[in-house]
Amino acid sequence: MSYVWDQIRAAIPLITHGNPYLMNLLWVSIRVALISTSAALVIGLPLGLALGLGRFRGRRTLQILANASLALPSVVVGIALLLLLLPGGAFGSLQIEFTLPAVYIAQAILALPYIVALTPAAIQGLPPGLLAQARALGAGRVQLSLLALREAKIGLLAAVIAAAGATIAEVGAVVIIGGNFEGQDQTLASGLMDQFNYTGHQPLVTAIAIMLLALILAMAGVLTVIQQRTGGIRLRFRTAA
Amino acid sequence: MHLIWEELRVAVPLIWHGNPYLLSIIWFTLKVAAVATAIATVIGLPIALALALGRFPGRQFLRMLANASLVLPPVLVGAILYLLMTVQAPLGPLRLIWTREAVFIAQTILALPFIVALSAAAIQALPEGLLSQARLLGAGRRQLSILALREARIGVIAAVIAALGTSLSEVAAVTIIGGNIYGYDQTLASATLFEVDGAHYADALAIAIVLIVMILILMCALGLLQQQSDGIRMRFRSAT
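The residue count restarts for each chain, going from 1 along the sequence in the order it is written. Chain A is the first chain written and ligand 1 is the first ligand written, with later ones labelled in order. A pLDDT threshold of at least 70 governs which residues receive local features in this predicted model, and a stricter bar of 80 or more applies before side-chain atom pairs are shown or counted, although totals over entire chains, interfaces and linings include all residues.

A. Inspection of the overall build of chain A at higher detail. Helices and strands together make up the secondary structure of chain A, namely 12 helices and zero strands. When the helices and strands of chain A are listed from N to C terminus, the series reads α-α-α-α-α-α-α-α-α-α-α-α. Taking the principal axes of the C-alpha coordinates as reference, chain A spans close to 65 × 45 × 25 Å. Neighbour counting defines burial: a residue surrounded by 20 or more other C-beta atoms within 10 Å of its own C-beta is buried, one with 12 or fewer is exposed, and intermediate counts give partly exposed, using backbone-placed C-beta atoms. Counting the 241 residues in chain A, one finds 44% classified as buried. Once C-beta atoms have been placed from the backbone, residue pairs whose C-beta atoms lie within 7 Å are recorded as contacts. For chain A, the share of sequence-separated contacts (at least 6 apart) that also reach a separation of at least 24 residues comes to 77%. A run of H or I in DSSP counts as a helix once it spans at least four residues, and a run of E counts as a strand once it spans at least two, with each numbered from the N terminus.

B. Structural view of the overall build of chain B. Looking only at helices and strands, chain B features 11 helices and zero strands. Dimensions along the principal axes, computed over C-alpha positions, put chain B at roughly 65 × 50 × 25 Å. The buried share of chain B, reckoned over its 240 residues, is 44%. Residue pairs in contact within chain B that sit at least 24 positions apart in sequence constitute 75% of those at least 6 positions apart.

C. Main features of the packing of helix H4 (residues 74-85) of chain A against helix H5 (residues 100-124) of chain A. Residue and element names in this part refer to chain A. One can describe the packing of H4 onto H5 by two numbers: an axis separation of 10 Å at closest approach and a directional angle of 135 degrees. In terms of orientation, H4 and H5 fall into the oblique class. Between H4 and H5 lies a crossing whose hand is right-handed. Contacts from Ser74, Val77, Gly78, Leu81 and Leu85 in H4 reach Ala102, Ile105, Ala106, Ile109 and Leu110 in H5. Classes in brief: Ala, Val, Leu, Ile, Met, Phe, Trp, Tyr, Cys and Pro nonpolar; Asp, Glu, Lys and Arg charged; the others, Gly included, polar. Residues of the contact of H4 with H5, tallied by class, amount to eight nonpolar, two polar and no charged. Note on geometry: axes are C-alpha line fits, over the in-contact stretch for helices, and angles between N-to-C directions span 0 to 180 degrees. If an angle is under 35 degrees, it is roughly parallel; if it is over 145, roughly antiparallel; if it lies from 65 to 115, roughly perpendicular; otherwise it is oblique. Crossings are assigned a handedness: left-handed for a near helix turned anticlockwise from the far helix by less than a right angle, right-handed for a clockwise turn.

D. Geometry of the nonpolar core. In this description, a nonpolar core means buried residues of the types Ala, Val, Leu, Ile, Met, Phe, Trp, Tyr and Cys, linked to one another by C-beta atoms lying within 7 Å. Of all hydrophobic cores here, the largest spans 150 residues; its most connected members are Ile79(A), Ala106(A), Ala106(B), Ile115(B), Ile177(B) and Leu211(B). With near-sequence residues (within four places) excluded, Ala106(A) lies in contact with Val77(A), Gly78(A), Leu81(A), Ala173(A), Val174(A) and Ile177(A).

E. Structural detail: unusual backbone geometry. Backbone geometry places Gln95(A), a non-glycine residue, at a positive phi of 55 degrees. Tracing the backbone shows Gln95(A) in the loop between H4 and H5. The exposed category is assigned to Gln95(A), around which 12 C-beta atoms lie within 10 Å. With a phi angle near 60 degrees, Ala199(B) is a residue other than glycine that sits in the positive phi range. Turning to its location among the elements, Ala199(B) is positioned in the loop between helix H10 (188-197) and helix H11 (201-239).

F. Expanded view of the interface of chain B and chain A. Every contact between the two is made by 36 residues of chain B and, on the other side, 36 residues of chain A. At the level of secondary structure, the elements contributing two or more residues to the side of chain B that touches chain A comprise helix H1 (2-16), helix H4 (74-85), helix H8 (153-169), helix H9 (172-178), H10 and H11 of chain B. When residues in the side of chain B that touches chain A are grouped by element, the largest group, nine residues, is from H11(B). Tallied by class, residues from the side of chain B that touches chain A come to 28 nonpolar, seven polar and one charged.

G. Structural context of H4(B). Over its 12 residues, H4(B) extends 16 Å from the first C-alpha to the last, a length consistent with the 16 Å expected when each residue adds 1.5 Å. Along H4(B), 11 of the 12 residues are buried, which leaves the element largely enclosed by surrounding structure. Here H4(B) has its buried residues at Pro74(B), Val75(B), Leu76(B), Val77(B), Gly78(B), Ala79(B), Ile80(B), Leu81(B), Tyr82(B), Leu83(B) and Met85(B). The secondary structure elements touched by the buried residues of H4(B) are helix H1 (2-16), helix H8 (153-169), helix H10 (188-195) and helix H11 (202-228) of chain A together with helix H5 (100-124) and H9 of chain B. Multiply 1.5 Å by the residue count of a helix minus one, and that product is the helix's expected span.

H. Main features of the packing of helix H2 (residues 20-53) of chain A against H5(A). All names here are of chain A. In the contact formed by H2 and H5, the axes pass within 6 Å of each other and the chain directions differ by 35 degrees. The chirality of how H2 crosses H5 is right-handed. Residues of the contact of H2 with H5, tallied by class, amount to 20 nonpolar, eight polar and no charged.

I. Local environment of the confidence of the model for chain B. All names here are of chain B. When pLDDT is averaged along chain B, the result is 88, and 95% of the positions lie at 70 or above. Residue-level confidence of the predictor is what pLDDT reports, using numbers from 0 through 100. pLDDT under 50 marks residues 233-240. Its contacts with residues more than four places away, or in other chains, come to zero contacts. The ipTM, which scores confidence in the relative placement of chains, is 0.86 for this predicted complex, and the corresponding pTM is 0.89.

J. Main features of the confidence of the model for chain A. All names here are of chain A. In the predicted model, chain A carries a mean pLDDT of 88, and 93% of its residues have values of at least 70. At the level of individual helices and strands, chain A shows its lowest average pLDDT in helix H12 (residues 230-240), which scores 48, and its highest in H2, which scores 96. A low-confidence stretch, residues 232-241 stays under pLDDT 50, and its non-local contacts, those more than four residues away or across chains, total two contacts.

K. Expanded view of the environment of Ser74(A). The topology assignment puts Ser74(A) in helix H4. Non-local contacts of Ser74(A), meaning those with residues more than four positions away in its chain, are made with Leu110(A), Glu170(A), Gly172(A), Ala173(A) and Val171(B).

Rendered as structure tokens:
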């Protein structure tokens with residue numbers, strides 16, 4: 001095991017001294033996680049609410065479809081998006097292939113299924129009487145949605161954790177659509193993968209791996225703390241009602 | 001839309017006429033998914049049973065760990081395996097790096113969290129009285145396990161399907177640890193990456209189409225299963 005140990009010992013100084021290449025990877029990863037997850041939330045929450053609260057024909061089929069989209073392979077998203085963004089593709093005139101904005105789009109698409117599929121699951125897990133009562137008391141669509149989101153906060157944040165985790169950890173789409181350009185649109189995950197293209201500088205491999213793990217844990221930790229603070233809100237609601 | 005049509009016109013015949021390279025990748029991918037999932041199931045189910053049924057100190061922590069392992073980035077698993085398997089590393093003498101065997105190992109490790117965490121959750125979600133009643137009636141550890149697996153079979157099968165899904169579509173660990181060697185240890189996902197690197201977009205598209213069709217078939221199976229599970233739960237309720 002001394003080999004692995006040596007690798008870790010060599011990697012630590014790279015991180016603590018703020019190696020600029022590493023810091024750039026971290027910064028890109030954080031930006032991708034924030035922007036792509038936010039975009040997925042803005043688009044996905046209304047869809048998730050419609051699936052969770054709506055009472056329209058075909059809702060069940062759409063929900064099965066949303067569940068299936070969780071298994072969307074990242075390389076498929078990557079190649080499909082690339083063929084749309086390349087010159088000659090439908091959105092080729094935007095000229096964003098192999099750039100960071102393209103990476104944002106790809107990761108938002110990969111994060112979207114988590115929000116759309118897991119939000120209705122969380123809403124349907126609420127006590128059955130709650131929403132029916134609100135409806136009976138004359139809550140409008142907006143009020144009902146806000147109530148559902150507030151009550152399903154635990155499940156909702158689990159969905160956000162999964163979505164943000166995917167934006168940080170996925171490489172298939174990032175590598176294809178971003179071209180994996182060092183210093184431009186390389187994330188920690190795709191940077192880690194890139195190291196193996198030229199039988200890597202191994203302390204760097206270990207350093208990126210440690211930072212990737214740290215970022216995932218930090219993200220999950222922060223969101224879990226937010227998730228667990230729901231108790232107060234729910235209590236307040238119950239006593240007010 | 002021009003470009004995508006052009007590439008599709010080249011890609012579809014590749015699939016249609018059974019391009020031999022494509023067929024060999026499909027075959028290897030299916031083999032990897034089947035073997036990795038089977039091994040992960042054999043190793044993972046006893047662990048899941050122990051986590052869900054066992055009454056030992058620290059099981060709560062281990063359950064949390066199992067759930068956390070679901071979000072472990074595959075690229076990280078690939079890097080860790082690389083650091084263990086490369087020439088100077090502890091497992092270096094086994095010469096596993098950049099072989100098909102390494103791909104099987106990597107995919108098994110990535111499938112394991114799905115089996116362990118999702119099966120354990122399914123068993124824990126069983127009606128509370130069921131297992132304690134069996135315990136009370138004197139069921140041994142083995143009988144209890146068989147009962148738990150039989151009752152939670154829908155959840156367990158869903159876990160197996162999820163594991164199959166990752167084995168099919170995962171690309172990072174396979175590429176790092178297998179080396180993505182043309183015609184040797186490529187899966188559909190890693191071959192897509194390979195063809196994009198070479199700017200062979202029609203080939204990449206053909207492979208991606210096959211991959212998405214496989215995933216769709218798998219997800220249809222899961223959807224059917226979920227619908228059936230509603231029926232089964234109802235039957236269970238009316239019987240009590």
